[in-house]
Every structure is written in structure tokens, then in C-alpha cells.
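# Observations on chain architecture
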Amino acid sequence: MAQIPNEELLKRISEKFDQQVTVVGEPYGLLTVETGREQIIDLLTFLKTDPALKFIFLTDITGVHYPEQEKPIGVIYHLHSLTTNTRIRIKVFLADGDVHIPTATVLWDGANWMERETYDLFGVLFDGHPDLRRILNVDDMTAFPMRKEFPLEDPNRVDKKDYFFGR
Amino acid sequence: MQNHPVYTDNDPQSELSTLNLGPTHPATHGVFQNVLQLDGERIVSGVSTIGYIHRAFEKIAEHRPFYQITPLTDRLNYCSSPINNMGWHMTVEKLLGIQTPKRVDYLRVIIMELARISDHIICNGVLGVDTGAFTGFLYMMEHRESIYEIYEEICGSRLTTNIGRIGGFERNFNTIAFAKLRAFLKNFPVTLKEFESLFNRNRIFVDRTKDVAAVTAETALSYSWTGPLLRAAGVDYDVRAMNPYSSYEDFDFEVPVGTNGDVYSRFLVRNEEMWQSLRIIEQALVKLEKEPTDIFHADVPEFYLPPKEEVYNNMEALIYHFKIVMGEIPTPNTEVYHSVEGANGELGFYLVNDGGRSPYRLHFRRPSFINYQMYAPMSRGMLLSDAIINMSSLNVIAGELDA
């Protein structure tokens with residue numbers, strides 16, 4: 001089957017979810033939509049089970065941190081429809097201090113470790129996850145290292161400041 | 001350790017023994033810990049712990065310009081590092097909108113297929129070792145060595161190659177490299193044929209691998225498996241065929257698909273993939289003859305890191321070299337996902353860029369990480385010796401697992 005055009009895909013999503021899903025853009029042809037955590041499982045279920053879309057393959061779950069935003073922690077899902085060879089990216093943003101989102105393990109077993117990794121690196125709490133604990137870092141670590149407030153470089157170091165390079 | 005399941009049955013007759021398979025164990029080919037509960041030789045339950053060589057590549061990448069991320073990608077799947085390199089550079093090219101010349105695409109295809117062959121050589125050879133046959137491993141190893149010699153001729157290093165640049169290669173392939181490549185294409189099929197006749201119908205090997213760790217297509221898809229593992233389970237998904245990159249659409253090749261999803265069909269799928277890779281390389285060499293021989297990178301001086309000789313002798317090259325290394329050249333403020341078919345499956349790069357000198361966020365979708373999570377659940381009810389074979393057929397590379 002041929003690839004579903006982004007307009008048609010979007011039409012189908014907005015028929016079902018109307019105002020709850022907003023389009024962020026389509027960078028390099030990959031449709032990117034944003035939704036809230038209340039709808040995320042409904043949206044994923046719809047995308048996975050709809051007979052015309054069939055986004056049966058969960059490519060990836062990961063996070064992004066934008067400290068200056070009102071809702072700084074983003075959870076990014078990449079789905080792939082193997083029958084139509086269409087991809088979609090879904091973003092959910094969470095407020096700091098309320099980083100709860102329902103787990104996608106109810107739909108895909110493979111979401112288990114992806115969500116553990118996102119928890120480990122960003123501190124996103126996936127509600128209903130069967131085994132939410134750190135995966136790459138040690139268990140007694142207190143920080144979530146991929147957040148921007150944990151710099152890699154020594155913050156006291158001055159010789160790498162952009163100022164010295166005219167930036 | 002408090003999260004590990006504790007066996008609570010107090011009956012001494014049915015007492016289970018706990019076995020720490022790993023973190024370092026000769027049969028695990030890397031740093032993997034699996035705490036297994038054994039009833040005799042049968043695995044009752046298991047828990048995988050990973051992260052022993054976690055090096056925080058994603059965090060380091062946020063502090064480095066694009067070029068300095070190349071050595072990080074090398075160390076993901078170090079058995080086929082050029083694929084990781086090329087995947088990363090293609091992601092950056094997609095981000096910057098760089099169109100590479102056809103000759104670069106074909107050279108990349110050659111290098112990536114060589115890398116795939118070398119990875120499969122290791123995997124299938126080691127699978128033989130784990131079933132007790134050292135000969136096949138020894139025969140195949142010689143040819144991995146000749147692949148490394150081809151790399152050496154092109155870029156000077158063997159394992160972690162740093163072979164790619166944004167827009168192409170650091171230097172052109174010399175005639176010795178092509179001669180070695182042709183010698184490899186002549187010699188390797190002979191060995192591969194011998195290897196297949198040694199194993200494919202070997203009674204011991206087939207008995208040890210057939211119907212071991214069989215996975216259905218539904219389970220494999222649910223666990224987001226990709227690569228030879230998914231194809232062995234019967235799903236015809238190959239990134240090269242479905243989303244062609246680097247002019248894979250110009251080549252005529254088949255995607256081998258298994259039926260059983262067991263260790264034996266993974267072995268067969270990998271073997272068949274090596275034949276297909278050889279076929280692709282042969283075609284690429286024919287196509288290369290029609291291309292001008294002196295092109296090995298796209299004409300993008302503001303992004304292509306010039307070779308050192310030019311930096312020393314050419315003012316423009318020196319300026320661009322400085323600007324690239326210092327991250328002075330503006331990049332678009334957007335995000336991109338690009339995936340290539342790594343030796344283990346879909347190797348994806350999710351790059352969020354904010355126009356700065358380094359990525360705002362870089363995420364590697366590492367096939368080994370995603371494939372390995374099923375290891376403990378699928379080991380349940382398996383014999384310990386089968387679990388060992390299962391692990392070598394998954395071909396999990398510790399560097400890619402942990403990133």
C-alpha cells in the first residue's frame with residue numbers, strides 16, 4: 001500500500017480527536033502532532049488499531065527537556081505503519097513536578113524498556129508501568145541526568161564560555 | 001537488588017538455585033548480567049540488568065559539534081561501526097539539506113555492506129562456537145580481517161573507523177582498497193559456501209538451534225524487534241527496502257525472510273543477508289565505473305571538514321576548517337529522525353537542533369537495546385544451554401545496548 005499523505009492522516013486523526021490534537025509541523029515530511037497526556041493512550045490505540053492506518057510498530061519513545069517552557073518535559077513517540085510505510089511523531093509535554101503520563105506498555109511490550117530509559121534520563125513517571133526503575137544508571141542515583149540543569153562540563157570552568165569566542 | 005524476584009517456596013525438595021549469568025561470562029560476549037532462577041537446568045525466571053558500560057553518549061553529544069559526535073557513533077555497534085557513522089552523517093545531511101553525489105552514495109553502500117558482512121561473520125561464527133564448533137568461527141574470522149584491511153586502506157583505522165564526513169568521505173578510496181575489495185569478493189564466497197555446508201545441515205547444529213527460542217511475528221512486532229530477528233520471524237521489514245537511503249533504491253537485492261523465528265532461521269537469515277550484501281557490493285562496483293573517479297564528497301565547503309593537506313595549504317580550507325570545528329556555521333532550528341538498517345536492525349537517530357553548535361538533543365534508537373529486553377521473558381522455561389545460544393543469536397552488542 002502506498003504511503004498515507006500527511007493531510008489525509010491528519011484528517012482522520014482530527015475527525016476523532018478534534019481539538020485535542022494540534023499539529024506542530026511536518027519537518028522533513030514527518031507529521032508531528034502534540035497532544036495531552038489525557039488523550040495519549042486513546043490516540044496511540046486509535047493509531048494502532050484503525051484499519052486504514054495500522055501504526056502497529058512502536059519505533060521509539062524518548063524525552064526532551066526545554067527548561068524555559070511552561071511544560072518543560074516532553075515525551076516523544078515515533079510510530080511506524082509497516083503496511084503503508086508511514087511514520088508519525090507524537091509529542092506530549094508535562095509540567096515539572098507533575099511528570100505523570102500513562103504507560104504505553106498496555107499496547108506494546110517493547111515500550112517497557114523505552115519508558116524505563118526515559119524515566120532514568122528525564123524522570124518521567126509512567127503510570128501503570130509494570131517495572132519502573134532505572135535501567136542505564138545505578139539504582140541509588142538521585143538526579144535525572146539528561147535534564148538540562150545537569151551540565152556535563154564543570155560549571156566553574158571559564159575557558160569554554162561562548163563569550164570568549166564572540167558568540 | 002531488592003527488585004529481583006525472590007523465590008518463596010520453602011519446600012527443600014523444590015528449591016531453586018540462583019545463577020548469575022554475567023556480568024562477565026565467556027558465553028555472554030560482553031557485559032550483560034542475567035540473574036536466573038534455575039530448576040535443575042531449566043530457567044524458571046530471569047532478570048536482566050544492563051548499564052554496565054553506559055557512557056552517556058546522548059549527554060556528551062549535547063556538548064559537542066556535529067563532527068565530534070562521529071567517534072561516539074563508532075562506539076555504538078563496534079562490530080559494524082561504519083554503519084553507525086554513515087547513519088549519523090546522513091542524519092546531519094538530512095538536517096542541513098545536503099545532496100550527496102551518486103559516487104559517494106555507492107561508496108557508502110559498499111562500506112555499509114562490508115560492515116554488515118563483518119558483523120554477521122562475528123554473530124554466526126560465535127553462534128557456531130557456542131554450539132561447540134570452533135572451525136566455522138576460525139574460517140570466517142580471516143575474512144573479517146580482510147574487511148578490516150579494506151577499512152585500514154581507506155581511513156587508516158580498523159575497528160572504530162571515523163570513516164564518514166558530512167557530505168562524503170575524508171579521502172578517496174585508493175586503488176589498493178579496490179584491489180583488496182575485489183580480492184575479498186573473490187575469496188569470501190568460497191568460505192561462506194563452505195561455512196554453510198558445514199552448518200546448515202549439520203545434525204548437531206540443527207538439533208541445537210531448531211525450534212529454540214522461537215518467536216512469533218506478533219510477539220516480535222510487539223517488542224519492536226527489527227533486523228534479522230524480526231525477519232526470521234517472518235516480517236518483511238528492512239529499512240533499506242522500505243525507506244531507501246544512500247541510493248539503495250538503485251540496487252537489486254532481496255530481503256531474506258525466515259518462517260520459524262527460531263535460532264536456526266536467524267542463522268539462515270544472516271547467512272542469506274551476507275550473500276545479498278555481496279550482491280549489492282558487486283552491483284555498486286559496476287555502477288562506480290560510470291562515475292567520475294575523483295569525487296568523494298559533496299561540494300559543501302561550509303559543512304564538509306576539509307582534509308588536513310588542504311587545511312595546511314589552502315586559506316579557504318583553513319577558514320572553513322576553523323569555522324566548522326568551532327561550530328560557527330548556522331544550522332536550522334528543527335528536528336529530524338533518520339534511520340538506517342544497522343546489522344541488528346533499525347538504527348535511528350532522533351536529532352533536535354536549536355541552531356547552536358551542538359545538537360539540543362540527540363537520541364539513538366539502538367536496535368540491541370530494544371531487541372535485548374525480550375531476552376529474560378523469552379528465557380522462561382528454556383534450558384540454560386539454549387538460553388546461551390539464544391543470546392548469541394540475538395547478537396546484542398554491549399556498546400549499542402548501553403550507549
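Cut-offs used in this document
- Residues numbered from 1 in each chain as written.
- Chains lettered and ligands numbered in written order.
- Predicted model: local features only at pLDDT ≥ 70, side-chain atom pairs only at ≥ 80, totals over all residues.
- Heavy atoms only, no water.
- Helix = DSSP H or I, 4+ residues; strand = E, 2+ residues; numbered from the N terminus.
- Buried < 20%, exposed > 50% of the residue type's maximum accessible area, 1.4 Å probe, protein only.
- Contact = heavy atoms within 4.5 Å.
- Lys, Arg positive; Asp, Glu negative; His and termini not counted.
- Charge placed at Lys NZ, Arg CZ, Asp CG, Glu CD.
- Buried area = accessible area lost by both parts, 1.4 Å probe.
- Salt bridge = Lys/Arg side-chain N within 4 Å of Asp/Glu carboxyl O.
- Polar contact = N/O pair within 3.5 Å; in protein donor to acceptor, adjacent residues only side chain to side chain.
- pLDDT = per-residue confidence, 0-100.
- Core = buried A, V, L, I, M, F, W, Y, C linked by side-chain atoms within 4.5 Å.
- Pairing = 2+ DSSP bridges.
- Axes fitted to C-alpha atoms, helices over the stretch in contact; angles between N-to-C directions.
- Phe/Tyr/Trp six-rings, centres within 6.5 Å; stacked < 30°, edge-to-face > 60°.
- Lys NZ or Arg CZ within 6 Å of the ring centre and 35° of its normal.
- Patch = residues over 30% accessible without salt bridge, like charges linked within 9 Å, V, L, I, M, F, W, Y side chains within 5 Å.
- Areas by Shrake-Rupley, 256 points an atom, 1.4 Å probe, with all protein chains shown as cover.
- Parallel < 35°, antiparallel > 145°, perpendicular 65-115°, else oblique.
- Left-handed = near helix turned anticlockwise from the far one by under 90°.
- Nonpolar A, V, L, I, M, F, W, Y, C, P; charged D, E, K, R; others polar.

### What to know about the overall build of chain A
- Counting its regular elements, chain A contains 3 helices and 7 strands.
- For chain A, the α and β elements follow one another from N to C terminus as α-β-β-α-β-β-β-β-α-β.
- C-alpha atoms of chain A, sized along the principal axes, occupy 55 × 40 × 25 Å.
- Taking all 167 residues of chain A together, the buried fraction comes to 53%.
- Taking the contacts inside chain A whose residues are at least 6 apart along the sequence as the reference set, 53% of them involve residues at least 24 apart.
- Averaging the locations of the 19 positively and 27 negatively charged side chains of chain A gives two centres separated by 3 Å.

### Looking at the interface of chain B and chain A
- Listed as interface residues are 49 residues of chain B and, on the opposing side, 48 residues of chain A.
- Across the chain B/chain A interface, buried area totals approximately 4100 Å², and carbon plus sulfur atoms make up 56% of it.
- Considering only the side of chain B, the residues that lose the most area to chain A are Lys59, Tyr360 and Gln373 of chain B, jointly responsible for 16% of the buried surface there.
- The partner of Lys91 of chain A in a salt bridge is Glu335 of chain B, and the shortest N-O contact between them spans 2.8 Å.
- In this structure, the connection of chain B to chain A is made through 25 residue pairs in polar contact (both at pLDDT 80 or more).
- For the side of chain B that touches chain A, the element with the highest residue contribution is strand E6 (residues 335-341) of chain B, accounting for 4 residues.

### Describing the confidence of the model for chain B
All names here are of chain B.
- Chain-level pLDDT for chain B is 89 on average; 97% of the residues reach the 70-or-more range.
- Counted against residues more than four places away or in other chains, residues 1-7, with its pLDDT under 50, gives 12 contacts.
- The ipTM for the predicted assembly is 0.91, set against a pTM of 0.91.

### Remarks on the nonpolar core
- Grouped together as the largest cluster of nonpolar side chains are 159 residues, with contacts concentrated most on Leu44, Leu47 and Tyr77 of chain A together with Trp225 of chain B.
- Each residue touching Trp225 of chain B, except ones within four places of it in the same chain, is listed here: Phe57 of chain A together with Val215, Ala220, Leu230, Arg266, Ile370, Asn371, Met374, Met378 and Leu394 of chain B.
- Judged by nonpolar contacts, the second largest core, of 9 residues, contains Ile76 of chain A together with Tyr337, Tyr350 and Val352 of chain B.

### As for the sheet that holds strand E5 (residues 86-94) of chain A
Residues and elements named next belong to chain A.
- Judged by pairing direction, the sheet is mixed, and its 5 strands sit side by side in the order E1-E2-E5-E4-E3 without closing on themselves. In the strand order of this sheet, the two ends are held by strand E1 (22-25) and strand E3 (57-65), each with one partner. Taking each pair of neighbouring strands and ignoring which way they run, the sheet shows an average axis angle of 25 degrees.
- Direction of pairing for E1 relative to strand E2 (residues 31-35): antiparallel, over a ladder of 3 bridges. Following the sheet pairing, Gly25 is matched in E2 by Thr32.
- Along the sheet, helix H1 (residues 6-17) makes contact with E1, E2 and E5, crossing E2 at roughly 20 degrees.
- Packed on one face of the sheet, helix H2 (residues 40-49) meets E2, strand E4 (73-81) and E5 and runs near 175 degrees to E5.

### Some words on the packing of aromatic side chains
- This model, assessed by the stated rule, comprises 27 aromatic pairs over all chains.
- Aromatic ring contacts, followed pair by pair, group Trp113 of chain A together with Phe32, Phe369, Tyr372 and Tyr375 of chain B into a single cluster.
- Over the face of the ring belonging to Tyr360 of chain B we find Lys148 of chain A, whose NZ or CZ atom lies 4.0 Å from the ring centre.
- Positioned above the aromatic ring of Phe251 of chain B, the side-chain terminus of Lys287 of chain B is 5.6 Å from the ring centre.

### A look at a nonpolar patch on the surface
- Among the surface-exposed residues, Val129, Phe134, Leu138 and Tyr139 of chain B lie close enough to one another that they form a single nonpolar patch of about 370 Å² accessible area.
- The topology assignment puts Phe134 of chain B in helix H5 (residues 134-155).

### A short note on the packing of helix H11 (residues 263-289) of chain B against helix H16 (residues 384-394) of chain B
Residues and elements named next belong to chain B.
- Running from amino to carboxyl end, H11 crosses H16 at an angle of 25 degrees, the nearest separation of the two axes being 10 Å. Regarding the angle of H11 to H16, the classification is roughly parallel. Relative to H16, the crossing made by H11 is left-handed. Where H11 abuts H16, its residues Val263, Arg266 and Arg270 lie against Ile389, Asn390, Ser393 and Leu394.
- The residue inventory of the contact of H11 with H16, partitioned by class, reads 3 nonpolar, 2 polar and 2 charged.

### Focus on the pairing of E4 of chain A
All names here are of chain A.
- For E4, the tally of buried residues reaches 9 of 9 residues, placing the bulk of the element in the interior.
- Burial of the side chains of E4 extends over both faces: Ile73, Val75, Tyr77, Leu79 and Ser81 are buried on one face and Gly74, Ile76, His78 and His80 on the other.
- Where E3 and E4 come together, 8 bridges link them in antiparallel fashion. Looking across to E4, one finds that Thr62 is bridged to Ile76.
- In the sheet, E4 pairs with E5 via 9 bridges, with the strands oriented antiparallel. Bridge pairing in E5 links Ser81 to Thr86.
- A loop of 4 residues connects E4 with E5, the two strands running antiparallel in sequence, and Asn85 in this loop sits at a positive phi of about 55 degrees.

### Considerations on unusual backbone geometry
Residues and elements named next belong to chain B.
- Positive phi, normally seen in glycine, also occurs at Asn395, with a value near 55 degrees.
- Tracing the sequence through the fold places Asn395 in the loop between H16 and helix H17 (398-402).
- The buried category is assigned to Asn395, whose relative accessible area is 6%.
- With a phi angle near 55 degrees, Ala403 is a residue other than glycine that sits in the positive phi range.
- Tracing the chain through its elements places Ala403 in the segment after H17.

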